[in-house]
Amino acid sequence: MKTDMEKYILALDQGTTSSRAVIFNKNVEKIVVSQREFPQHFPQPGWVEHNPNDIFTSIYNVMQEAIVKAEIKPEQIDSIGITNQRETVILWDKNTGIPVCNAIVWQCRRTASLANQLVKEGKGELIRNKTGLLPDAYFSGTKIKWILDNIPGVRERAEKGEILAGTVDTWLIWKLSGKKVHVTDYTNASRTMLFNIHTLKWDKELLELLNIPERILPEVKDSSYIYAKTDKEVCGFEVPIASAIGDQQAALFGQGCFEQGEIKVTYGTGCFLLMNTGKTPAVSKHGLLTTIALGYNGKIEYALEGSVFIGGALIKWLRDQMGIIESAEQINEYAEKVENNGGVIIVPAFTGLGAPYWDSYARGTILGITRGTNKNHICRAALEAIANQVKDEIECMKDDSGIKLSSLKVDGGASASDVMMQFQSDILNTPIYRPKNIETTVTGAAFLAGLATGFWKSKDEIKKVWKVEKVFSPSMPKEIRDSNYEQWKRAIERSKGWEKENN
(Lines give C-alpha, C1' and ligand atoms only; values in the text may rest on other atoms or scores of the structure.)
Protein backbone atom coordinates (compact mmCIF):
# COMPACT_ATOMS: atom_id res chain seq x y z
CA MET A 1 0.00 0.00 0.00
CA LYS A 2 1.36 3.40 -0.99
CA THR A 3 1.73 6.17 1.58
CA ASP A 4 2.35 9.89 1.20
CA MET A 5 5.77 9.40 2.79
CA GLU A 6 6.99 6.66 0.43
CA LYS A 7 9.63 7.65 -2.11
CA TYR A 8 10.07 6.47 -5.68
CA ILE A 9 12.49 6.63 -8.60
CA LEU A 10 11.23 7.90 -11.94
CA ALA A 11 13.24 6.34 -14.78
CA LEU A 12 12.98 7.72 -18.31
CA ASP A 13 13.88 5.47 -21.24
CA GLN A 14 14.18 7.47 -24.46
CA GLY A 15 14.37 4.87 -27.24
CA THR A 16 14.58 4.90 -31.01
CA THR A 17 10.85 4.55 -31.68
CA SER A 18 9.22 5.36 -28.34
CA SER A 19 9.72 6.99 -24.95
CA ARG A 20 8.84 5.36 -21.65
CA ALA A 21 8.56 6.37 -18.04
CA VAL A 22 8.68 3.77 -15.28
CA ILE A 23 8.19 4.47 -11.59
CA PHE A 24 9.99 2.06 -9.23
CA ASN A 25 9.74 1.60 -5.48
CA LYS A 26 12.67 0.73 -3.24
CA ASN A 27 12.24 -3.00 -3.96
CA VAL A 28 12.58 -2.24 -7.70
CA GLU A 29 8.97 -3.15 -8.31
CA LYS A 30 7.33 -1.33 -11.20
CA ILE A 31 4.49 0.84 -9.95
CA VAL A 32 3.44 2.15 -13.36
CA VAL A 33 4.69 2.25 -16.93
CA SER A 34 3.77 4.92 -19.45
CA GLN A 35 4.88 4.66 -23.09
CA ARG A 36 4.38 6.66 -26.28
CA GLU A 37 5.69 6.24 -29.79
CA PHE A 38 6.86 9.24 -31.79
CA PRO A 39 7.30 9.82 -35.56
CA GLN A 40 10.23 8.52 -37.59
CA HIS A 41 11.45 10.48 -40.60
CA PHE A 42 13.18 9.02 -43.67
CA PRO A 43 13.85 11.99 -46.00
CA GLN A 44 16.14 10.01 -48.31
CA PRO A 45 17.14 6.35 -48.71
CA GLY A 46 19.45 5.44 -45.81
CA TRP A 47 18.61 8.62 -43.87
CA VAL A 48 16.87 8.40 -40.48
CA GLU A 49 15.80 11.46 -38.48
CA HIS A 50 13.79 12.44 -35.41
CA ASN A 51 12.32 15.82 -34.57
CA PRO A 52 14.08 16.77 -31.29
CA ASN A 53 10.90 18.46 -30.06
CA ASP A 54 8.98 15.20 -30.62
CA ILE A 55 11.59 13.43 -28.49
CA PHE A 56 11.22 15.92 -25.65
CA THR A 57 7.42 16.12 -25.87
CA SER A 58 7.11 12.32 -25.74
CA ILE A 59 9.37 12.15 -22.66
CA TYR A 60 7.55 15.04 -20.98
CA ASN A 61 4.15 13.45 -21.61
CA VAL A 62 5.05 9.96 -20.34
CA MET A 63 6.72 11.48 -17.28
CA GLN A 64 3.61 13.47 -16.33
CA GLU A 65 1.29 10.58 -17.20
CA ALA A 66 3.25 8.14 -15.04
CA ILE A 67 3.02 10.40 -12.00
CA VAL A 68 -0.74 10.75 -12.44
CA LYS A 69 -1.24 6.99 -13.00
CA ALA A 70 0.86 6.17 -9.91
CA GLU A 71 -1.34 8.47 -7.81
CA ILE A 72 1.69 9.98 -6.10
CA LYS A 73 2.77 13.54 -5.47
CA PRO A 74 5.81 14.93 -7.35
CA GLU A 75 7.59 15.48 -4.04
CA GLN A 76 7.51 11.71 -3.50
CA ILE A 77 9.90 11.28 -6.43
CA ASP A 78 13.38 10.89 -5.03
CA SER A 79 15.10 11.45 -8.37
CA ILE A 80 14.96 10.98 -12.13
CA GLY A 81 17.23 8.63 -14.09
CA ILE A 82 17.67 8.82 -17.86
CA THR A 83 18.73 6.17 -20.34
CA ASN A 84 18.74 6.84 -24.04
CA GLN A 85 19.26 5.70 -27.61
CA ARG A 86 22.98 6.19 -28.18
CA GLU A 87 24.87 8.02 -30.96
CA THR A 88 21.80 10.02 -32.12
CA VAL A 89 22.84 13.66 -32.16
CA ILE A 90 21.12 17.06 -31.88
CA LEU A 91 22.40 20.62 -32.41
CA TRP A 92 20.37 23.57 -31.15
CA ASP A 93 20.47 27.32 -30.53
CA LYS A 94 21.96 28.04 -27.12
CA ASN A 95 19.58 30.95 -26.42
CA THR A 96 16.28 29.95 -28.01
CA GLY A 97 16.54 26.16 -27.71
CA ILE A 98 15.41 25.77 -31.32
CA PRO A 99 17.10 22.79 -33.04
CA VAL A 100 19.05 23.72 -36.17
CA CYS A 101 17.65 20.64 -37.94
CA ASN A 102 16.21 17.23 -37.14
CA ALA A 103 18.23 14.85 -34.98
CA ILE A 104 20.39 12.48 -37.01
CA VAL A 105 19.60 9.02 -35.68
CA TRP A 106 22.22 6.33 -34.95
CA GLN A 107 20.78 4.23 -37.79
CA CYS A 108 21.35 6.97 -40.38
CA ARG A 109 23.95 6.15 -43.08
CA ARG A 110 24.30 9.57 -44.72
CA THR A 111 27.86 9.99 -43.44
CA ALA A 112 29.12 6.57 -44.58
CA SER A 113 31.30 8.12 -47.31
CA LEU A 114 32.93 10.42 -44.73
CA ALA A 115 33.67 7.47 -42.44
CA ASN A 116 35.09 5.50 -45.37
CA GLN A 117 37.26 8.47 -46.30
CA LEU A 118 38.76 8.50 -42.80
CA VAL A 119 39.70 4.85 -43.25
CA LYS A 120 41.23 5.54 -46.69
CA GLU A 121 43.29 8.37 -45.17
CA GLY A 122 44.71 5.91 -42.64
CA LYS A 123 42.93 7.46 -39.64
CA GLY A 124 41.23 4.24 -38.53
CA GLU A 125 43.97 3.19 -36.12
CA LEU A 126 44.21 6.68 -34.63
CA ILE A 127 40.47 6.76 -33.97
CA ARG A 128 40.45 3.22 -32.58
CA ASN A 129 43.39 3.84 -30.25
CA LYS A 130 41.80 6.96 -28.79
CA THR A 131 38.12 6.04 -28.73
CA GLY A 132 37.92 2.23 -28.89
CA LEU A 133 35.63 2.63 -31.93
CA LEU A 134 35.95 1.99 -35.64
CA PRO A 135 35.28 4.87 -38.08
CA ASP A 136 31.62 4.50 -38.99
CA ALA A 137 28.53 6.57 -39.75
CA TYR A 138 26.97 4.89 -36.69
CA PHE A 139 28.81 7.21 -34.30
CA SER A 140 28.01 10.84 -33.51
CA GLY A 141 31.18 12.58 -34.70
CA THR A 142 30.54 12.34 -38.44
CA LYS A 143 26.91 13.35 -37.89
CA ILE A 144 27.94 16.56 -36.09
CA LYS A 145 30.37 17.39 -38.89
CA TRP A 146 27.63 16.82 -41.49
CA ILE A 147 25.29 19.27 -39.73
CA LEU A 148 28.03 21.90 -39.39
CA ASP A 149 28.95 21.51 -43.06
CA ASN A 150 25.46 21.25 -44.58
CA ILE A 151 23.00 23.38 -42.60
CA PRO A 152 23.48 27.03 -43.68
CA GLY A 153 24.98 29.33 -41.06
CA VAL A 154 25.37 26.69 -38.35
CA ARG A 155 29.17 26.43 -38.49
CA GLU A 156 29.55 30.22 -38.16
CA ARG A 157 27.12 30.29 -35.23
CA ALA A 158 28.91 27.35 -33.62
CA GLU A 159 32.27 29.14 -33.86
CA LYS A 160 30.68 32.15 -32.10
CA GLY A 161 29.43 29.97 -29.24
CA GLU A 162 25.76 30.25 -30.18
CA ILE A 163 25.19 26.51 -30.79
CA LEU A 164 25.12 23.53 -28.42
CA ALA A 165 25.47 19.88 -29.43
CA GLY A 166 24.74 16.66 -27.65
CA THR A 167 23.34 13.18 -27.63
CA VAL A 168 19.74 12.61 -26.53
CA ASP A 169 20.57 12.58 -22.80
CA THR A 170 22.20 16.00 -23.14
CA TRP A 171 19.16 17.44 -24.93
CA LEU A 172 16.72 16.08 -22.34
CA ILE A 173 18.71 17.31 -19.32
CA TRP A 174 19.14 20.76 -20.91
CA LYS A 175 15.39 21.00 -21.56
CA LEU A 176 14.24 19.56 -18.23
CA SER A 177 16.61 21.82 -16.27
CA GLY A 178 15.20 24.93 -17.94
CA LYS A 179 18.24 25.45 -20.24
CA LYS A 180 20.60 25.55 -17.25
CA VAL A 181 22.85 22.51 -17.71
CA HIS A 182 24.76 21.26 -20.78
CA VAL A 183 26.11 17.87 -19.73
CA THR A 184 26.52 14.24 -20.73
CA ASP A 185 27.89 11.12 -19.05
CA TYR A 186 30.99 9.08 -19.87
CA THR A 187 29.08 6.28 -21.60
CA ASN A 188 27.33 8.54 -24.08
CA ALA A 189 30.50 10.58 -24.67
CA SER A 190 32.37 7.36 -25.46
CA ARG A 191 30.00 6.70 -28.40
CA THR A 192 30.68 9.96 -30.23
CA MET A 193 34.06 9.05 -31.82
CA LEU A 194 35.32 12.34 -30.34
CA PHE A 195 36.05 11.31 -26.74
CA ASN A 196 39.37 9.87 -25.62
CA ILE A 197 38.47 6.95 -23.34
CA HIS A 198 41.97 6.97 -21.80
CA THR A 199 42.40 10.68 -20.97
CA LEU A 200 38.62 11.05 -20.38
CA LYS A 201 38.53 14.29 -22.36
CA TRP A 202 37.22 15.49 -25.69
CA ASP A 203 40.15 14.75 -27.97
CA LYS A 204 41.59 17.85 -29.64
CA GLU A 205 43.22 15.89 -32.47
CA LEU A 206 39.94 14.18 -33.38
CA LEU A 207 37.99 17.44 -33.10
CA GLU A 208 40.49 19.02 -35.48
CA LEU A 209 40.27 16.05 -37.84
CA LEU A 210 36.49 16.50 -38.13
CA ASN A 211 36.61 20.31 -37.80
CA ILE A 212 34.29 20.40 -34.77
CA PRO A 213 34.65 23.25 -32.24
CA GLU A 214 34.99 21.88 -28.71
CA ARG A 215 32.91 24.70 -27.25
CA ILE A 216 29.68 23.19 -28.62
CA LEU A 217 30.18 19.92 -26.71
CA PRO A 218 28.81 19.20 -23.22
CA GLU A 219 30.67 18.77 -19.96
CA VAL A 220 31.24 15.07 -19.18
CA LYS A 221 30.29 13.66 -15.77
CA ASP A 222 29.75 10.32 -14.02
CA SER A 223 26.73 8.24 -15.03
CA SER A 224 25.45 8.43 -11.44
CA TYR A 225 25.52 12.14 -10.56
CA ILE A 226 23.09 14.90 -9.62
CA TYR A 227 23.39 17.04 -12.76
CA ALA A 228 20.54 19.45 -12.04
CA LYS A 229 16.99 19.73 -10.81
CA THR A 230 14.00 19.81 -13.09
CA ASP A 231 12.83 23.37 -13.64
CA LYS A 232 9.52 24.12 -11.93
CA GLU A 233 8.34 26.29 -14.82
CA VAL A 234 9.02 23.48 -17.28
CA CYS A 235 7.87 20.43 -15.30
CA GLY A 236 5.74 21.85 -12.51
CA PHE A 237 8.07 20.40 -9.86
CA GLU A 238 11.71 20.30 -8.80
CA VAL A 239 13.32 16.84 -8.67
CA PRO A 240 17.03 15.90 -8.98
CA ILE A 241 18.10 14.51 -12.37
CA ALA A 242 20.57 11.99 -11.01
CA SER A 243 21.65 9.63 -13.78
CA ALA A 244 22.29 9.49 -17.50
CA ILE A 245 23.59 6.43 -19.31
CA GLY A 246 23.46 4.90 -22.80
CA ASP A 247 20.90 2.14 -23.16
CA GLN A 248 23.23 -0.85 -23.53
CA GLN A 249 25.42 0.23 -20.62
CA ALA A 250 22.25 0.81 -18.58
CA ALA A 251 21.24 -2.79 -19.25
CA LEU A 252 24.68 -4.01 -18.12
CA PHE A 253 24.27 -2.15 -14.82
CA GLY A 254 20.60 -3.07 -14.51
CA GLN A 255 21.62 -6.73 -14.75
CA GLY A 256 23.98 -6.26 -11.82
CA CYS A 257 27.09 -6.97 -13.93
CA PHE A 258 29.34 -5.14 -11.50
CA GLU A 259 32.32 -7.51 -11.63
CA GLN A 260 35.01 -8.03 -14.24
CA GLY A 261 34.07 -10.86 -16.62
CA GLU A 262 30.31 -10.56 -16.21
CA ILE A 263 28.41 -10.36 -19.50
CA LYS A 264 24.88 -9.34 -20.35
CA VAL A 265 23.14 -10.27 -23.58
CA THR A 266 20.04 -8.45 -24.77
CA TYR A 267 18.14 -10.65 -27.22
CA GLY A 268 16.25 -8.19 -29.40
CA THR A 269 15.95 -7.82 -33.18
CA GLY A 270 19.71 -8.23 -33.02
CA CYS A 271 21.64 -9.29 -29.93
CA PHE A 272 23.73 -6.79 -27.96
CA LEU A 273 26.53 -8.09 -25.76
CA LEU A 274 28.57 -6.18 -23.20
CA MET A 275 31.36 -7.63 -21.07
CA ASN A 276 32.54 -5.74 -18.00
CA THR A 277 36.34 -5.65 -18.37
CA GLY A 278 36.89 -3.64 -15.21
CA LYS A 279 39.31 -0.74 -14.88
CA THR A 280 41.32 -1.61 -17.99
CA PRO A 281 40.11 -1.13 -21.57
CA ALA A 282 40.60 -4.26 -23.67
CA VAL A 283 41.61 -3.83 -27.31
CA SER A 284 39.79 -6.22 -29.62
CA LYS A 285 41.53 -8.28 -32.29
CA HIS A 286 38.14 -9.31 -33.63
CA GLY A 287 36.54 -5.99 -34.50
CA LEU A 288 34.57 -5.62 -31.26
CA LEU A 289 34.21 -2.15 -29.76
CA THR A 290 35.94 -0.95 -26.61
CA THR A 291 33.67 1.40 -24.72
CA ILE A 292 33.09 2.95 -21.32
CA ALA A 293 30.69 0.86 -19.27
CA LEU A 294 30.19 3.28 -16.40
CA GLY A 295 31.38 6.37 -14.58
CA TYR A 296 30.67 5.96 -10.87
CA ASN A 297 32.15 7.59 -7.79
CA GLY A 298 34.86 9.20 -9.89
CA LYS A 299 36.01 5.86 -11.33
CA ILE A 300 35.66 4.47 -14.82
CA GLU A 301 34.80 0.91 -15.80
CA TYR A 302 35.25 -0.35 -19.35
CA ALA A 303 33.47 -2.89 -21.52
CA LEU A 304 33.83 -4.84 -24.73
CA GLU A 305 30.77 -4.56 -26.93
CA GLY A 306 29.63 -6.86 -29.69
CA SER A 307 26.44 -7.25 -31.65
CA VAL A 308 24.73 -10.03 -33.55
CA PHE A 309 22.99 -8.58 -36.60
CA ILE A 310 20.12 -11.08 -36.80
CA GLY A 311 18.68 -12.31 -33.51
CA GLY A 312 14.93 -12.08 -32.95
CA ALA A 313 14.68 -10.92 -36.58
CA LEU A 314 15.22 -14.58 -37.55
CA ILE A 315 12.11 -15.57 -35.59
CA LYS A 316 10.19 -12.74 -37.24
CA TRP A 317 11.37 -13.98 -40.65
CA LEU A 318 10.03 -17.48 -39.93
CA ARG A 319 6.69 -15.90 -38.98
CA ASP A 320 6.24 -13.14 -41.57
CA GLN A 321 8.16 -14.29 -44.64
CA MET A 322 8.04 -18.08 -44.33
CA GLY A 323 4.75 -18.61 -42.48
CA ILE A 324 6.23 -21.50 -40.49
CA ILE A 325 4.96 -20.05 -37.21
CA GLU A 326 1.95 -17.82 -36.51
CA SER A 327 3.45 -16.06 -33.48
CA ALA A 328 6.91 -15.55 -32.03
CA GLU A 329 5.96 -17.64 -28.99
CA GLN A 330 4.98 -20.60 -31.16
CA ILE A 331 8.62 -21.22 -32.13
CA ASN A 332 9.24 -22.62 -28.64
CA GLU A 333 6.24 -24.93 -28.84
CA TYR A 334 7.55 -26.45 -32.08
CA ALA A 335 11.20 -26.54 -30.98
CA GLU A 336 10.29 -28.48 -27.83
CA LYS A 337 8.72 -31.26 -29.89
CA VAL A 338 12.13 -32.54 -31.06
CA GLU A 339 15.16 -33.56 -29.02
CA ASN A 340 17.63 -31.89 -31.38
CA ASN A 341 17.87 -30.04 -34.68
CA GLY A 342 17.89 -33.24 -36.75
CA GLY A 343 21.16 -32.16 -38.36
CA VAL A 344 19.72 -28.85 -39.61
CA ILE A 345 21.88 -25.74 -39.24
CA ILE A 346 20.65 -22.23 -40.09
CA VAL A 347 23.15 -19.43 -40.64
CA PRO A 348 21.07 -16.22 -40.63
CA ALA A 349 23.58 -14.11 -42.56
CA PHE A 350 20.81 -12.05 -44.18
CA THR A 351 22.99 -8.93 -44.16
CA GLY A 352 26.40 -10.58 -43.93
CA LEU A 353 28.37 -11.82 -40.94
CA GLY A 354 29.76 -9.76 -38.09
CA ALA A 355 32.46 -10.67 -35.55
CA PRO A 356 34.60 -12.67 -35.78
CA TYR A 357 34.02 -13.31 -39.50
CA TRP A 358 33.32 -9.83 -40.91
CA ASP A 359 32.06 -10.99 -44.28
CA SER A 360 29.55 -8.58 -45.83
CA TYR A 361 29.15 -10.96 -48.81
CA ALA A 362 27.95 -13.90 -46.71
CA ARG A 363 24.29 -14.81 -47.05
CA GLY A 364 21.81 -16.93 -45.14
CA THR A 365 21.88 -20.70 -45.52
CA ILE A 366 19.93 -23.70 -44.29
CA LEU A 367 22.03 -26.86 -44.34
CA GLY A 368 21.51 -30.50 -43.43
CA ILE A 369 17.93 -30.81 -44.72
CA THR A 370 16.76 -34.39 -45.33
CA ARG A 371 13.45 -35.99 -46.26
CA GLY A 372 12.76 -36.30 -42.52
CA THR A 373 13.22 -32.61 -41.77
CA ASN A 374 10.10 -30.87 -40.49
CA LYS A 375 9.15 -27.43 -39.16
CA ASN A 376 10.05 -28.47 -35.61
CA HIS A 377 13.66 -29.00 -36.67
CA ILE A 378 13.69 -25.66 -38.50
CA CYS A 379 12.36 -23.85 -35.42
CA ARG A 380 14.89 -25.51 -33.13
CA ALA A 381 17.72 -24.75 -35.59
CA ALA A 382 16.65 -21.07 -35.65
CA LEU A 383 16.87 -20.75 -31.87
CA GLU A 384 20.21 -22.54 -31.87
CA ALA A 385 21.50 -20.20 -34.60
CA ILE A 386 20.87 -17.18 -32.37
CA ALA A 387 22.66 -18.89 -29.46
CA ASN A 388 25.61 -19.94 -31.66
CA GLN A 389 26.11 -16.37 -32.85
CA VAL A 390 26.18 -15.20 -29.24
CA LYS A 391 28.78 -17.87 -28.47
CA ASP A 392 30.93 -16.59 -31.36
CA GLU A 393 30.91 -13.09 -29.86
CA ILE A 394 31.61 -14.33 -26.34
CA GLU A 395 34.59 -16.38 -27.55
CA CYS A 396 35.95 -13.16 -29.09
CA MET A 397 35.46 -11.30 -25.81
CA LYS A 398 37.25 -13.99 -23.81
CA ASP A 399 40.15 -13.97 -26.25
CA ASP A 400 40.41 -10.16 -26.39
CA SER A 401 40.18 -9.59 -22.66
CA GLY A 402 41.96 -12.66 -21.32
CA ILE A 403 39.12 -12.78 -18.79
CA LYS A 404 37.24 -15.98 -18.04
CA LEU A 405 33.47 -15.77 -18.37
CA SER A 406 32.11 -15.63 -14.83
CA SER A 407 28.40 -15.41 -15.59
CA LEU A 408 25.91 -14.58 -18.30
CA LYS A 409 22.79 -12.54 -17.60
CA VAL A 410 20.10 -12.29 -20.23
CA ASP A 411 17.20 -10.02 -21.12
CA GLY A 412 15.17 -8.95 -24.13
CA GLY A 413 12.14 -10.58 -25.76
CA ALA A 414 13.79 -13.74 -27.08
CA SER A 415 15.34 -14.52 -23.67
CA ALA A 416 11.87 -15.78 -22.71
CA SER A 417 12.61 -18.94 -24.72
CA ASP A 418 13.57 -21.70 -22.27
CA VAL A 419 14.69 -23.89 -25.18
CA MET A 420 17.13 -21.30 -26.43
CA MET A 421 18.41 -20.33 -22.99
CA GLN A 422 19.12 -23.97 -22.11
CA PHE A 423 20.99 -24.47 -25.38
CA GLN A 424 22.90 -21.21 -24.76
CA SER A 425 23.95 -22.48 -21.34
CA ASP A 426 24.95 -25.85 -22.80
CA ILE A 427 27.16 -24.55 -25.60
CA LEU A 428 28.83 -21.96 -23.34
CA ASN A 429 29.13 -24.47 -20.48
CA THR A 430 28.11 -21.60 -18.22
CA PRO A 431 25.10 -20.92 -15.98
CA ILE A 432 22.68 -18.33 -17.35
CA TYR A 433 20.64 -16.05 -15.16
CA ARG A 434 17.34 -14.63 -16.36
CA PRO A 435 16.02 -11.95 -14.00
CA LYS A 436 12.45 -11.53 -12.82
CA ASN A 437 12.58 -7.98 -14.14
CA ILE A 438 13.65 -8.11 -17.79
CA GLU A 439 13.27 -4.31 -18.08
CA THR A 440 16.97 -4.04 -17.38
CA THR A 441 17.71 -0.86 -19.33
CA VAL A 442 15.31 1.35 -17.44
CA THR A 443 16.20 -0.45 -14.20
CA GLY A 444 19.87 0.45 -14.69
CA ALA A 445 18.97 4.14 -15.01
CA ALA A 446 16.85 3.89 -11.85
CA PHE A 447 19.62 2.17 -9.88
CA LEU A 448 22.18 4.83 -10.83
CA ALA A 449 19.86 7.71 -9.94
CA GLY A 450 19.07 6.12 -6.58
CA LEU A 451 22.77 5.60 -5.82
CA ALA A 452 23.50 9.27 -6.53
CA THR A 453 20.91 10.44 -4.00
CA GLY A 454 21.38 7.73 -1.38
CA PHE A 455 17.99 6.11 -2.12
CA TRP A 456 20.07 2.94 -2.36
CA LYS A 457 23.26 3.04 -0.32
CA SER A 458 25.54 0.77 -2.36
CA LYS A 459 25.90 -1.75 -5.14
CA ASP A 460 25.64 -4.46 -2.48
CA GLU A 461 22.15 -3.23 -1.57
CA ILE A 462 21.19 -3.32 -5.26
CA LYS A 463 22.44 -6.91 -5.55
CA LYS A 464 19.99 -7.86 -2.81
CA VAL A 465 16.98 -6.43 -4.67
CA TRP A 466 18.03 -7.88 -8.06
CA LYS A 467 16.10 -11.14 -8.31
CA VAL A 468 16.54 -14.16 -10.57
CA GLU A 469 13.50 -15.69 -12.28
CA LYS A 470 15.30 -18.77 -13.59
CA VAL A 471 18.79 -20.25 -13.75
CA PHE A 472 19.81 -22.43 -16.69
CA SER A 473 22.67 -24.81 -15.89
CA PRO A 474 24.75 -26.60 -18.54
CA SER A 475 24.01 -30.29 -18.94
CA MET A 476 25.32 -31.14 -22.41
CA PRO A 477 28.27 -33.58 -22.55
CA LYS A 478 31.51 -32.03 -23.80
CA GLU A 479 31.75 -34.23 -26.91
CA ILE A 480 28.25 -33.20 -28.06
CA ARG A 481 28.92 -29.54 -27.26
CA ASP A 482 32.15 -29.59 -29.27
CA SER A 483 30.52 -31.48 -32.15
CA ASN A 484 27.61 -29.01 -32.34
CA TYR A 485 29.93 -26.01 -32.46
CA GLU A 486 32.19 -27.63 -35.06
CA GLN A 487 29.11 -28.24 -37.22
CA TRP A 488 28.12 -24.57 -36.80
CA LYS A 489 31.60 -23.48 -37.93
CA ARG A 490 31.36 -25.72 -41.02
CA ALA A 491 28.01 -24.13 -41.90
CA ILE A 492 29.50 -20.65 -41.48
CA GLU A 493 32.21 -21.49 -44.04
CA ARG A 494 29.55 -22.46 -46.58
CA SER A 495 27.70 -19.15 -46.17
CA LYS A 496 30.78 -16.98 -46.69
CA GLY A 497 31.28 -14.97 -49.86
CA TRP A 498 28.03 -16.14 -51.43
CA GLU A 499 26.93 -12.81 -52.92
CA LYS A 500 30.38 -11.95 -54.29
CA GLU A 501 30.80 -15.35 -55.86
CA ASN A 502 27.47 -15.14 -57.67
CA ASN A 503 27.63 -11.54 -58.94
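Scroll up for the structure.
Described in the following lines is the structure provided in the data block.

Cut-off values and rules
- Residues numbered from 1 in each chain as written.
- Predicted model: local features only at pLDDT ≥ 70, side-chain atom pairs only at ≥ 80, totals over all residues.
- Heavy atoms only, no water.
- Phe/Tyr/Trp six-rings, centres within 6.5 Å; stacked < 30°, edge-to-face > 60°.
- Helix = DSSP H or I, 4+ residues; strand = E, 2+ residues; numbered from the N terminus.
- Buried < 20%, exposed > 50% of the residue type's maximum accessible area, 1.4 Å probe, protein only.
- Pairing = 2+ DSSP bridges.
- Axes fitted to C-alpha atoms, helices over the stretch in contact; angles between N-to-C directions.
- Disulfide = S-S within 2.5 Å.
- 1 Å grid on protein atoms, 1.4 Å probe; cavity = no way out; pocket = protein on both sides within 12 Å on 5 of 7 lines; lining within 4 Å.
- Points joined across faces, edges and corners; volume = space filled by probe spheres on them.
- Nonpolar A, V, L, I, M, F, W, Y, C, P; charged D, E, K, R; others polar.

Observations concerning the packing of aromatic side chains
One pass over the structure, following the stated rule, counts 15 aromatic pairs. Look at Trp106 and Tyr138: their rings are 5.9 Å apart centre to centre, the planes differ by 70°, and that puts the pair in the edge-to-face class. With a gap of 32 residues between them, Trp106 in the loop between β7 (103-104) and α2 (112-120) and Tyr138 in the loop between α3 (124-131) and α4 (140-150) connect regions that are remote in the sequence. Assessed through its relative accessible area of 23%, Trp106 is described here as partly exposed. Geometrically, the ring pair formed by Tyr138 and Phe139 is tilted, given 4.9 Å between the ring centres and 55° between the ring planes. Accessibility expressed as a relative area gives 17% for Tyr138, which makes it buried.

Observations concerning the sheet that holds strand β21 (residues 407-411)
The 7 strands lie next to each other as β17-β18-β16-β15-β21-β22-β23, forming an open sheet whose pairing is mixed. If you trace the sheet from one side to the other, it starts and ends with β17 (289-296) and β23 (468-472), each paired once. The sheet shows a mean angle of 25° between the axes of neighbouring strands, direction not considered. Where β17 lies against strand β18 (residues 299-308), 7 bridges are found, and the strand directions are antiparallel. Along β18, the bridge assignment pairs Tyr296 with Lys299.

Some remarks on helix α10 (residues 247-254)
Where burial is concerned, most of α10 is hidden: 8 out of the 8 residues are buried. Those residues of α10 that fall on the buried side of the exposure criterion are Asp247, Gln248, Gln249, Ala250, Ala251, Leu252, Phe253 and Gly254. One or two residues past the end of α10 sits Gly256, with phi positive at roughly 70°.

What about the state of the cysteines?
A full pass over the atoms with the stated rule returns 0 disulfides. Cysteine Cys257 is unpaired, with the sulfur of Cys271 as its nearest cysteine sulfur at 15 Å. According to the relative accessible area criterion, Cys257 is buried, its value standing at 2%.

Details of empty space enclosed by the protein
The probe, sized like a water molecule, is rolled over the atoms to show the empty space still left. Scanning the entire structure with this criterion turns up 5 cavities of 30 Å³ or more. Reported here for the largest cavity is a volume of approximately 130 Å³. Val308, Leu353, Gly354, Ala355 and Gln389 are, among the 17 residues lining the largest cavity, the residues nearest its centre. Each residue belonging to the lining of the largest cavity can be placed in one class, and the counts come to 11 nonpolar, 4 polar and 2 charged. Quantified by volume, the second largest cavity comes out at close to 60 Å³. Going through the elements one at a time, α4, β8 (163-167) and α7 (186-189) are the ones with two or more residues in the lining of the second largest cavity. A total of 3 residues in the lining of the second largest cavity trace back to one element, the largest contributor, which is β8.

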